[in-house]
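Here's the letter readout for the chains.
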Amino acid sequence: GIHSAPIYLFSGRMVPARILCVAPWAKFLAILRNPIDRALSHYNFVKVWTGKRYDGVRPSFVQYVKDDIQLLKKAGVLRDWTSTDFVKFAGSPEEFRSWENYLRLANFHGPVGRGLYAIQLEIWADEFRK
């Protein structure tokens, strides 16, 4: 069967690990959306459809994005370009740990992080290589 849900890609190692337990032969196709369109759509979903408020108030889209960029920095996913060897960092255990930390901080939100497809796809690939 075919099923799609954007949260699967944004789940870290949990979903691919579970899939491997029950269907290690499964094949996957990821259809990725323009990250900016996806972020605005997620913002509208959270703001309008769910009726939920973010930290008690409904922030502007710009503030929602800025807050997520701060979480990405706090978790160590976004780093200083002048002091990080990105060739060594990309795909490293340190990057994966930073991403898992970000997922805990972002909870349901993550308008920018959800659009960082490379690390999310790398985590899935890493699980299936095990």
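As shown above, the structure is provided for reference.
All of the points below concern the structure found in this document. (Residues numbered from 1 in each chain as written. Predicted model: local features only at pLDDT ≥ 70, side-chain atom pairs only at ≥ 80, totals over all residues. Heavy atoms only, no water.)

1. Section: the side chain of S98
And step 1. Along the chain, S98 turns up in helix α6 (residues 93-106).
And step 2. With a relative accessible area of 6%, S98 lands in the buried category. (Helix = DSSP H or I, 4+ residues; strand = E, 2+ residues; numbered from the N terminus. Buried < 20%, exposed > 50% of the residue type's maximum accessible area, 1.4 Å probe, protein only.)

2. Some remarks on the packing of aromatic side chains
And step 1. Here the structure, examined in full by the defined rule, presents 10 aromatic pairs.
And step 2. Ring centres of F28 and F128 lie 5.3 Å apart, and the angle between their planes is 65°; on these two criteria the pair is classed as edge-to-face. Highlighted residues: F28 in the loop between α2 (14-22) and α3 (35-49) and F128 in helix α7 (residues 117-129), separated in sequence by 100 residues.
And step 3. Residues Y43 and Y64 carry aromatic rings whose centres are separated by 5.4 Å and whose planes lie at 50° to one another, so their mutual orientation is tilted. Pair noted here: Y43 is in helix α3 and Y64 is in helix α4 (residues 61-75), with a separation of 21 residues, a long-range link.
And step 4. By relative accessible area, Y43 is classed as buried at 9%.
And step 5. Ring pairing ties together the aromatic residues F10, W99 and Y102, which thus form one cluster. (Phe/Tyr/Trp six-rings, centres within 6.5 Å; stacked < 30°, edge-to-face > 60°.)

3. Quick word on the layout of surface pockets
It is the rolling of a water-molecule-sized probe over the atoms that shows where space remains empty.
And step 1. By volume, the second largest pocket is sized at about 210 Å³.
And step 2. Looking at the second largest pocket, the residues that line it are V77, L78, R79, W81, F86, F89, A90, E95, W99, L116 and I119.
And step 3. Of all elements in the fold, only α5 (86-89) and α6 reach the threshold of two or more residues within the lining of the second largest pocket.
And step 4. Looking at side-chain class alone, the lining of the second largest pocket contains nine nonpolar, no polar and two charged residues. (1 Å grid on protein atoms, 1.4 Å probe; cavity = no way out; pocket = protein on both sides within 12 Å on 5 of 7 lines; lining within 4 Å. Points joined across faces, edges and corners; volume = space filled by probe spheres on them. Nonpolar A, V, L, I, M, F, W, Y, C, P; charged D, E, K, R; others polar.)

4. A word on the environment of L20
And step 1. Secondary-structure assignment places L20 in helix α2.
And step 2. Considering only alpha carbons, one finds L20 and K130, 110 residues apart in sequence, at a separation of 9.8 Å.

5. Examining the packing of α4 against α6
And step 1. At a minimum axis distance of 8 Å, the contact between α4 and α6 shows a crossing angle of 140°. Put simply, α4 runs oblique to α6. Note on packing geometry: the crossing formed by α4 with α6 is right-handed. Contact with α4, carried on its side by D68, L71, L72, K74 and A75, involves S98, W99, N101, Y102, L105 and A106 of α6 and no other residues of that element.
And step 2. Broken down by class, the residue content of the contact of α4 with α6 amounts to seven nonpolar, two polar and two charged. (Axes fitted to C-alpha atoms, helices over the stretch in contact; angles between N-to-C directions. Parallel < 35°, antiparallel > 145°, perpendicular 65-115°, else oblique. Left-handed = near helix turned anticlockwise from the far one by under 90°. Contact = heavy atoms within 4.5 Å.)

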